[in-house]
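Residue-level listing of the chains:
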Amino acid sequence: MILAWVIAIVLSGGLLAWSLERMGPHWPRWISVAALVIDLVLALTMWWMGYVGLTKMEHSGGWLAEADWDWIPRFGIRFHLAADGLSLLLVLLTLFLGIASVGASWTEVKERVGFFHFNLMWVLGGVLGVFLALDLFLFYFFWEMMLVPMYFLIGIWGHENRVYAAIKFFLFTQASGLLMLVAIVSLYFVHHASTGVYTFDYFRLLGTPLQSSTGMWMMLGFFIAFAVKLPAVPFHTWLPDAHTEAPTAGSVILAGLLLKTGAYGLMRFVVPLFPEAAHAFAPMGMALGVIGILYGAVMAFAQTDLKRLVAYTSVSHLGFVLIGVFAWNELALQGAIMQMICHGISTGALFILVGALAERIHTRDIRRMGGLWSVVPRMAGVGMIFALASLGLPGLGNFVAEFLVLLGAYRANIILAAIATVGLVTATIYSLSLVQRTFHGPNTAGWAPPDFSIREMAVMAAMIAAIVWLGLYPQPVLATARPTLTGLQQYAVQGLHLREDIP
C-alpha cells in the first residue's frame, strides 16, 4: 500500500500545486517540495528497514514492499507495484532529483508556475510508476504517462527552438514505445498459447517458452524502446536538442531520471524475459555501449554550447551502463546501477549549474565565457567538483561505477573492455576543457554576475555530499542492490534452461 501512496502523493501534489496557483507563485513551489519530502521520508524509511533487515531481503527475493490488486481482470491486467533494492534506489534518486529540480527552477520559471509544477510532478509520478510496476500493461501505462508532461515542459518553458525539440523528443519516444507495446502484446498472446492464461504479470511471463527467432524479435522491440530512452547510439539524436532547449528542471529530469528508465528496462525486462536472445545479442549490445562512450566524448569536446556539451557527456556515460547490462555478471551490474545513480547526481548538478549561469549572463556559448573563477567562485568550485566526478576521479561516485563496469566487462569481453577504458581518457579531456574554457582565462567580456545564492548552494551541497558519499562508502547501495541482481540473474538462467527444452 505504501508504494501506491508514494505515487499518489506526487500526483496529488501536482494537482494541488496547479489549483492553488492563483494564491501566488510560491504556493506551487512549496507544495511540490512538501509532497516530495514526504515521499522521500517514506522511501528512506522503507530503505532503512530493508537495509537493517538484509536477511529478510535475501529470503524474500529482495522484495521490500508490494501492492497487487485486480485492475481489468477480463484481460489479465493487474495494478501490481513492488519494490526491491533496484527499484527503491531509483525511487530515492527520483525524489532527490525532484526536490533539486524544484529548487533549481525557483526563480527561473515566472509564468504559469502552477501548471509548470503540475507537469513536473506528473513526470515524476510516471517515472516512479515505471520503477515500481510489475504488470507489463501498467508499466507501459506509466511509460507513456511520462511523455506528455515532459513535452509541455520543453515546449512551453524551453528556449528558442523548444517546439522543434519537444516534437522530436515526443516522436522518438512515442514511436519506440509503440514497438515495445507490440512486443508486450505479442508476449501476452504467446504466453496464452502455451499456458492458456492471459496475463501481463511479470513473474508469470518469465520463462514463457519462445522460439529463438520469436524471442529475438520481441527482445528487439523492448531493446529499441529502452535504447532510445537511454540513449544508445544511433538512437540518441533527440537528446542534444531536448536537453539544450528544455528549462533547467526539464534537463535535470531528462538526464537524471528519464534516461535511467531505459537502463532500468534493459536490466529488469530485456535480459530476464528474453535470456536466450539477450545472450546472442550481448556482443552487439556491448559494442553499441563502447561506440556510445567514444562518440559521446568526441561530440562533447566539439561543442561550443555548454548545455549541449553536458548533454553529449550523457551519451558517453550511459554507454557504460549498456556495457554493464550486457556483460551480465555481478560486478558489471553493480557498476551499471552505481553509474545510473552517480550520473543522475553529477550530470543533474552540471545542468543546474549551466542553467543558473545562463540565467545570469544570458548565453550558453563557451566562446564568450572565461574568467569567471574570480567573479563567481562558488559556481566555479561546484563546476570543478562535478567535472571531476564526470571524468571519474577516485573518491567520487562515478569512479566506483565505471571501475566496476570495466572489471565486469573484462570478464565478458576483454577487447571491448579495453576499448571502453579509452573513455576514461576522453572524459578527462572534455571535463577539464569545460572547466578551463568556462571559468579560467581572461574575463574579456567583463562578466560580473551574482554568485550562487544560499538556496542554490544548499541544493549543490546536498548533491556534493551524495556524490562524495557514493565515492567513499558505496557499500549501502551495493548491499541493497545485491539481492535484486542475484534474483535477476537467476530468472535469466532459469529462462535459458526452460528454452533448452523447446524442440
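Everything here concerns the structure above.
Scoring rules and cut-offs
Residues numbered from 1 in each chain as written. Predicted model: local features only at pLDDT ≥ 70, side-chain atom pairs only at ≥ 80, totals over all residues. Heavy atoms only, no water. Axes fitted to C-alpha atoms, helices over the stretch in contact; angles between N-to-C directions. Helix = DSSP H or I, 4+ residues; strand = E, 2+ residues; numbered from the N terminus. Parallel < 35°, antiparallel > 145°, perpendicular 65-115°, else oblique. Left-handed = near helix turned anticlockwise from the far one by under 90°. Contact = heavy atoms within 4.5 Å. Nonpolar A, V, L, I, M, F, W, Y, C, P; charged D, E, K, R; others polar. Buried < 20%, exposed > 50% of the residue type's maximum accessible area, 1.4 Å probe, protein only. Pairing = 2+ DSSP bridges. Core = buried A, V, L, I, M, F, W, Y, C linked by side-chain atoms within 4.5 Å. Polar contact = N/O pair within 3.5 Å; in protein donor to acceptor, adjacent residues only side chain to side chain. Salt bridge = Lys/Arg side-chain N within 4 Å of Asp/Glu carboxyl O. Patch = residues over 30% accessible without salt bridge, like charges linked within 9 Å, V, L, I, M, F, W, Y side chains within 5 Å. Areas by Shrake-Rupley, 256 points an atom, 1.4 Å probe, with all protein chains shown as cover. Phe/Tyr/Trp six-rings, centres within 6.5 Å; stacked < 30°, edge-to-face > 60°. Lys NZ or Arg CZ within 6 Å of the ring centre and 35° of its normal.

1. What to know about the packing of helix 4 (residues 85-104) against helix 19 (residues 454-472)
So, step 1. Following both chains from N to C, one finds helix 4 and helix 19 inclined at 155°, their axes separated by 10 Å at the closest point. Regarding the angle of helix 4 to helix 19, the classification is roughly antiparallel. Crossing hand, helix 4 versus helix 19: left-handed. Judged by residue contacts, Phe 96, Leu 97, Ala 100 and Gly 103 of helix 4 engage Arg 455, Val 459, Ala 462, Met 463 and Ala 466 from helix 19.
So, step 2. Its residues assigned to classes, the contact of helix 4 with helix 19 shows 7 nonpolar, 1 polar and 1 charged.

2. Overview of the pairing of strand 2 (residues 77-84)
So, step 1. With 6 of its 8 residues buried, strand 2 lies for the most part within the structure.
So, step 2. Pairing analysis gives 8 bridges linking strand 1 (residues 63-72) to strand 2, with the strands arranged antiparallel. The partner of Trp 69 across the bridge, within strand 2, is Phe 79.
So, step 3. In textbook terms, the turn of a hairpin is the stretch between consecutive antiparallel strands, and for strand 1 and strand 2 this stretch comprises 4 residues, one of which, Gly 76, has a positive phi near 70°.

3. A word on the nonpolar core
So, step 1. Membership of the largest hydrophobic core comes to 191 residues, with the highest contact counts inside it found for Leu 136, Phe 222, Met 267, Leu 273 and Phe 386.
So, step 2. Contact partners of Phe 386, with chain neighbours within four places excluded, come to Ile 345, Ser 346, Ala 349, Leu 350, Met 460, Met 463, Ile 464 and Ile 467.

4. Examining the packing of helix 16 (residues 377-391) against helix 18 (residues 414-439)
So, step 1. Between helix 16 and helix 18, whose axes approach to 8 Å, the crossing angle comes to 170°. When the axes of helix 16 and helix 18 are compared, the pair comes out roughly antiparallel. Packed against helix 16, whose contacting residues are Met 379, Ala 380, Gly 383, Met 384, Ala 387, Ser 390 and Leu 391, the element helix 18 presents Leu 424, Ala 427, Thr 428, Tyr 430, Ser 431, Leu 432, Val 435 and Phe 439 at the interface.

5. Points about the side chain of His 117
So, step 1. Take His 117: it is sitting in helix 5 (residues 113-132).
So, step 2. Among the polar contacts listed, one links the side chain of His 117 to the backbone oxygen of Val 113, at a separation of 2.8 Å.
So, step 3. Each residue touching His 117, except ones within four places of it in the same chain, is listed here: Gly 14, Ala 17, Pro 28, Arg 29, Ser 32, Val 102 and Ser 105.

6. A few points about the pattern of salt bridges
As a working rule, side chains carrying opposite charge can pair if their charged atoms are close by.
So, step 1. Considering all chains together, one arrives at 10 salt bridges under this definition.
So, step 2. Between Asp 305 and Arg 364 there is a salt bridge; the shortest N-O distance is 3.1 Å. In this pair, Asp 305 is assigned in the loop between helix 13 (275-302) and helix 14 (306-327) and Arg 364 in the loop between helix 15 (330-361) and helix 16, connecting sequence segments 59 residues apart. As far as the burial class goes, Asp 305 and Arg 364 line up, both buried.
So, step 3. Measuring nitrogen to oxygen at the nearest pair gives 3.1 Å for the salt bridge that ties Glu 330 to Arg 482. Separated by 152 residues along the polypeptide, Glu 330 in helix 15 and Arg 482 in helix 20 (residues 475-500) bring together distant segments of the chain.
So, step 4. Residues joined in a network through salt bridges with shared partners are Asp 68, Asp 70 and Arg 78.

7. Structural notes on the environment of Ile 323
So, step 1. Looking at where Ile 323 falls in the secondary structure, it is placed in helix 14.
So, step 2. Residues Ile 323 and Ala 380, spaced 57 residues apart in sequence, show a C-alpha to C-alpha distance of 33 Å.
So, step 3. Discounting residues that sit within four places of it in the chain, Ile 323 has contacts with Met 286, Gly 289, Val 290, Ile 293, Val 405, Ala 409 and Ala 420.

8. Quick word on a nonpolar patch on the surface
So, step 1. A cluster of nonpolar side chains, Phe 301, Val 422, Val 425 and Ile 429, forms an exposed patch at the surface whose accessible area comes to about 350 Å².
So, step 2. Tallying contributions element by element places helix 18 first for the nonpolar patch, with 3 residues.
So, step 3. Topologically, Phe 301 is positioned in helix 13.

9. Considerations on the packing of aromatic side chains
So, step 1. Considering all chains together, one arrives at 37 aromatic pairs under this definition.
So, step 2. Seen from their ring centres, Phe 118 and Trp 122 are 5.4 Å apart, and the 40° between their planes marks the pair as tilted. Separated by 4 residues within a single helix, Phe 118 and Trp 122 lie in helix 5, roughly one turn from each other.
So, step 3. Residue class for Phe 118 comes out buried when judged on its relative accessible area of 14%.
So, step 4. A residue is classified by how much of its surface remains accessible, and Trp 122, at 24% relative accessible area, is partly exposed.
So, step 5. Taken together, the ring pairs connect Trp 63, Phe 131, Phe 139, Trp 143, Tyr 202, Phe 203, Phe 222, Phe 226, Tyr 264, Phe 269 and Phe 274 into an aromatic cluster.
So, step 6. The ring of Trp 143 has Lys 229 sitting right over it, with the charged end atom 3.8 Å from the ring centre.

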